[in-house]
Amino acid sequence: GGVGKGIISEAELRFLDVWRPPPYLWVDPDMEAREKFTVSLVARYNRNPLIAWRRAMDKDGSMRVSYEEFVIQCKTLVKKGIVEAAPACGIAPLYVAFDQDRSGWFTL
């Protein structure tokens with residue numbers, strides 16, 4: 001067939017029938033939610049953004065946060081009283097406000 005010839009076969013596209021893309025791929029960023037979240041989070045950690053990053057977001061020390069990690073951490077932060085981690089717009093628009101290139105992770 002068309003293998004290696006720049007041709008995409010129907011079989012190669014079948015994954016699209018079952019692929020469930022993450023929600024951050026199609027939502028608009030909510031920059032206002034990001035600002036409220038950041039202010040609240042940093043205030044929680046004595047106005048120290050680095051400590052807030054390490055203790056609340058980058059729990060594994062990888063220096064980056066994936067969408068999946070962000071969702072988990074937001075749920076944890078809500079339980080700790082940081083309601084800005086569950087904005088009315090949802091977590092995905094908040095996440096995209098940080099990961100604007102939609103790579104699936106962001107860094108400090």
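A brief structural summary. (Residues numbered from 1 in each chain as written. Predicted model: local features only at pLDDT ≥ 70, side-chain atom pairs only at ≥ 80, totals over all residues. Heavy atoms only, no water.)

## Some words on the overall build of the protein chain
- Tallying secondary structure elements over the protein chain gives six helices and two strands in all.
- Mapped from its N terminus to its C terminus, the protein chain presents α and β elements in the order α-α-α-α-β-α-α-β.
- Taking 108 residues into account, the globule formula puts the C-alpha radius of gyration at 13 Å, and the protein chain, at 18 Å, lies well above it.
- Taken over 108 residues, the protein chain has a buried fraction of 32%.
- Of the contacts formed within the protein chain by residues at least 6 apart in sequence, a portion of 62% connects residues at least 24 apart. (Helix = DSSP H or I, 4+ residues; strand = E, 2+ residues; numbered from the N terminus. Rg over C-alpha atoms; globule rule 2.2 N^0.38 Å. Buried < 20%, exposed > 50% of the residue type's maximum accessible area, 1.4 Å probe, protein only. Contact = heavy atoms within 4.5 Å.)

## A short note on the packing of helix 3 (residues 31-44) against helix 6 (residues 91-98)
- In contact at an axis separation of 8 Å, helix 3 and helix 6 are set at 85° when each is read in the N-to-C sense. As far as their axial angle goes, helix 6 and helix 3 are roughly perpendicular. Residue-level contacts link Met-31, Ala-33, Arg-34, Phe-37 and Thr-38 of helix 3 to Leu-94, Ala-97 and Phe-98 of helix 6.
- Across the contact of helix 3 with helix 6, the residue classes break down as six nonpolar, one polar and one charged. (Axes fitted to C-alpha atoms, helices over the stretch in contact; angles between N-to-C directions. Parallel < 35°, antiparallel > 145°, perpendicular 65-115°, else oblique. Nonpolar A, V, L, I, M, F, W, Y, C, P; charged D, E, K, R; others polar.)

## A closer look at the side chain of Asp-99
- Tracing the backbone through its elements, the reader meets Asp-99 in the loop between helix 6 and strand 2 (105-106).
- In this structure, Asp-99 is buried with no salt-bridge partner, the nearest side chain bearing the opposite charge being Arg-102 at 7.5 Å.
- For Asp-99, the contacting residues outside a window of four places in its chain are Tyr-24, Gly-104, Trp-105 and Phe-106. (Lys, Arg positive; Asp, Glu negative; His and termini not counted. Salt bridge = Lys/Arg side-chain N within 4 Å of Asp/Glu carboxyl O.)

## What about helix 3?
- Between its first and last C-alpha, helix 3 extends 20 Å over 14 residues, near the 20 Å set by a 1.5 Å rise per residue.
- Listed as buried for helix 3 are Ala-33, Phe-37, Ser-40, Leu-41 and Val-42.
- Buried residues along helix 3 sit in contact with helix 4 (49-57), helix 5 (67-79) and helix 6.
- Phi for Asn-46, located one or two positions after helix 3, is positive at around 55°. (Expected span 1.5 Å × (residues − 1).)

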